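Examining the three-dimensional arrangement
Single-letter residue listing:
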Amino acid sequence: MTATTPEVGHISAARRWAMLAAGTGGQASTAAMVVAPSFLIPELHRPLAEGGHGLTLAEAGLVTSGAMLGMMTTLVLWGLVVDRRGERFALIGGLALATAGGALATTTDSPVLLAALLALAGIGSAATNSASGRVVVGWFPPERRGLAMGIRQTGQPLGVGLAAATVAVIAHHHGIGPALWVPTIATAISLVVVTLVVIDPPRPAVDASAPAANPYRDDRYLARIHGSSVLLVIPQFLVWTFGLTWLVTDLGWSPGVAGAVVAGTQVAGAGARIAAGWWSDRVGSRMRPMRSVAWLAALAMALLGATAALADRSDAIAASAVLLLVLASAVTVADNGLAFTAVAERAGPFWSGRALGLQNTAQHLAAVAVPPLAGLAIAAWGYGATYALAALAPVLAIALVPVGGER
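Reference entry: report on the structure contained in this document. (Residues numbered from 1 in each chain as written. Predicted model: local features only at pLDDT ≥ 70, side-chain atom pairs only at ≥ 80, totals over all residues. Heavy atoms only, no water.)

What about the nonpolar core?
Stated formally: Nonpolar core, defined: a set of buried Ala, Val, Leu, Ile, Met, Phe, Trp, Tyr and Cys residues in which side-chain atoms within 4.5 Å join the residues together. For each residue, the accessible area found with a 1.4 Å probe, counting protein chains only, is set against the maximum for its type, and the residue is called buried under 20%, exposed over 50%, and partly exposed in between. Numbering of helices and strands runs from the N terminus; a helix is a DSSP stretch of H or I covering at least four residues, while a strand is a stretch of E covering at least two. For the domain bounds, the source is a domain assignment made automatically or taken from a database.
With 55 residues, the main nonpolar core has Met19, Trp139, Val198, Ile225, Met287 and Met290 as its most contacted residues. The greatest single-element share of this core, amounting to seven residues, is contributed by helix α16 (residues 335-347). Per-domain counts for this core show at least three residues from each of domain 1 (13-197) and domain 2 (220-405). Counting 28 residues, the second largest nonpolar core, distinct from the first, contains Trp246, Leu325, Val370 and Tyr387.

Okay, here's the thing in structure tokens:
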């Protein structure tokens, strides 16, 4: 134990919550950094004659994918940094790199250089995924850890909401550079807060002659959590990706109203993550609530599929379908904090950085695959059938969620 790393009992409750707020802010700011480029696509695709960049949609998509690619390819590496150098080092280094990449990206008109700098910002952004989660697990006792992690998990929808509300509008009126200052300023503020507030949680003494055992060799517990989480990502990203399009194309809603409903689902999802974490603290288990969430997700998606398929028959059925879309959007993200907490607890202080990196990598790979495959299914069978088909994923996840053996 170092002089700068106090024991858990010597940290005040206010300091713990301040570190949770700093970690949540870091997660929100880097989420905004990673998703912000996707809101630049309209400006990149706008013809040169109209003041845009004149890229094709494919080219614009390739440029803006840089941030996501940078993040996905370095999640496990940052987890290793967390395991070896600590949470504070990773958070400060990652946020500094994300801020630098974002700031440099505001200065270029070259699509190639923009993609490269966004990738740099994405690489830095990846650090907060494992590091901020480890701060929560390290400083909060088990009976409060689920609630704390649920709050920390709200960083993603908060960051997405920030980017969605600002980036596209600023890019349209003032250009790409000013728009990218939104996530860049956010990561810069987070960097200052983390530097002032976060302290590395205490860890057991390291025995150089007996390195920490690989938890993946003990049993399949962690692998089963990863697998079930990947399956639960499928309905989550289906409703996130196509919910707005369904409201506009099938139900005839205006984009503005549909966008407001989708924004509301982000708020509902944030609340569901907090509620699930609180529930896991009360019952003393992460996996039992996760199985229940999977059942609810399967039921919500099945009912959404049925009502979406019949929505054109009456306004009442259409209204029910919209309510089920909101419910499904909330339920399908409620497991995220539970799985994240369970992985960190199971892997331990010397492996959880890498384990959390693997958890996020697997989920992001599944998330990337969902939109094209779901698009094909919607084109072939319609929204209702596709939503109903997605209910099979949480059913399969129920069988994978490990039962017993939590520690």
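What to know about the packing of aromatic side chains
Operational definition: Within 6.5 Å between ring centres, the rings of Phe, Tyr and Trp (the latter by its six-membered ring) count as paired, and their orientation is classed by plane angle as stacked under 30 degrees, edge-to-face over 60, tilted in between.
Within the structure shown, the criterion is met by three aromatic pairs. When the centroid spacing of 5.9 Å and the interplanar angle of 90° are considered together, the rings of Trp246 and Tyr387 count as edge-to-face. Of this pair, Trp246 sits in helix α12 (residues 221-249) while Tyr387 sits in helix α18 (residues 383-390), placing them 141 residues apart in sequence. Assigned by exposure class, Trp246 and Tyr387 land together as buried.

Regarding the layout of surface pockets
Empty space among the atoms becomes apparent when a probe as large as a water molecule is rolled across them. Put simply, the rule is: Think of a 1 Å grid over the protein atoms and nothing else: a 1.4 Å probe that fits but is trapped marks a cavity, an open set flanked by protein within 12 Å on at least five of seven lines marks a pocket, and residues with an atom within 4 Å of a point count as lining. Grid points are joined across faces, edges and corners, and a volume is the space filled by probe spheres set on the points. When residue character is reported, Ala, Val, Leu, Ile, Met, Phe, Trp, Tyr, Cys and Pro are called nonpolar, Asp, Glu, Lys and Arg charged, and the others, Gly included, polar.
Of the volumes computed, that of the largest pocket is approximately 1600 Å³. Lining the largest pocket are 47 residues, with Val35, Ser38, Met68, Phe237 and Trp240 sitting closest to its centre. Residues that form the lining of the largest pocket fall into these classes: 23 nonpolar, 22 polar and two charged. If you count residues domain by domain, the lining of the largest pocket takes at least three from each of domain 1 (13-197) and domain 2 (220-405).

Things to note about helix α3 (residues 57-64)
Here is the rule: The directions considered for the arc are those from the helix axis to the C-beta atoms. Contacts are assigned to residue pairs with any non-hydrogen atoms lying within 4.5 Å of each other.
Those residues of α3 lying buried are Ala60, Val63 and Thr64. Each buried residue of α3 sits inside an arc of 90° when the element is viewed along its axis, so together they form one side. For α3, exposure combined with an orientation more than 90 degrees from the buried face picks out Ala58 and Leu62. The elements touched by buried residues of α3 are α2 (41-45), α4 (66-72) and α7 (111-125).

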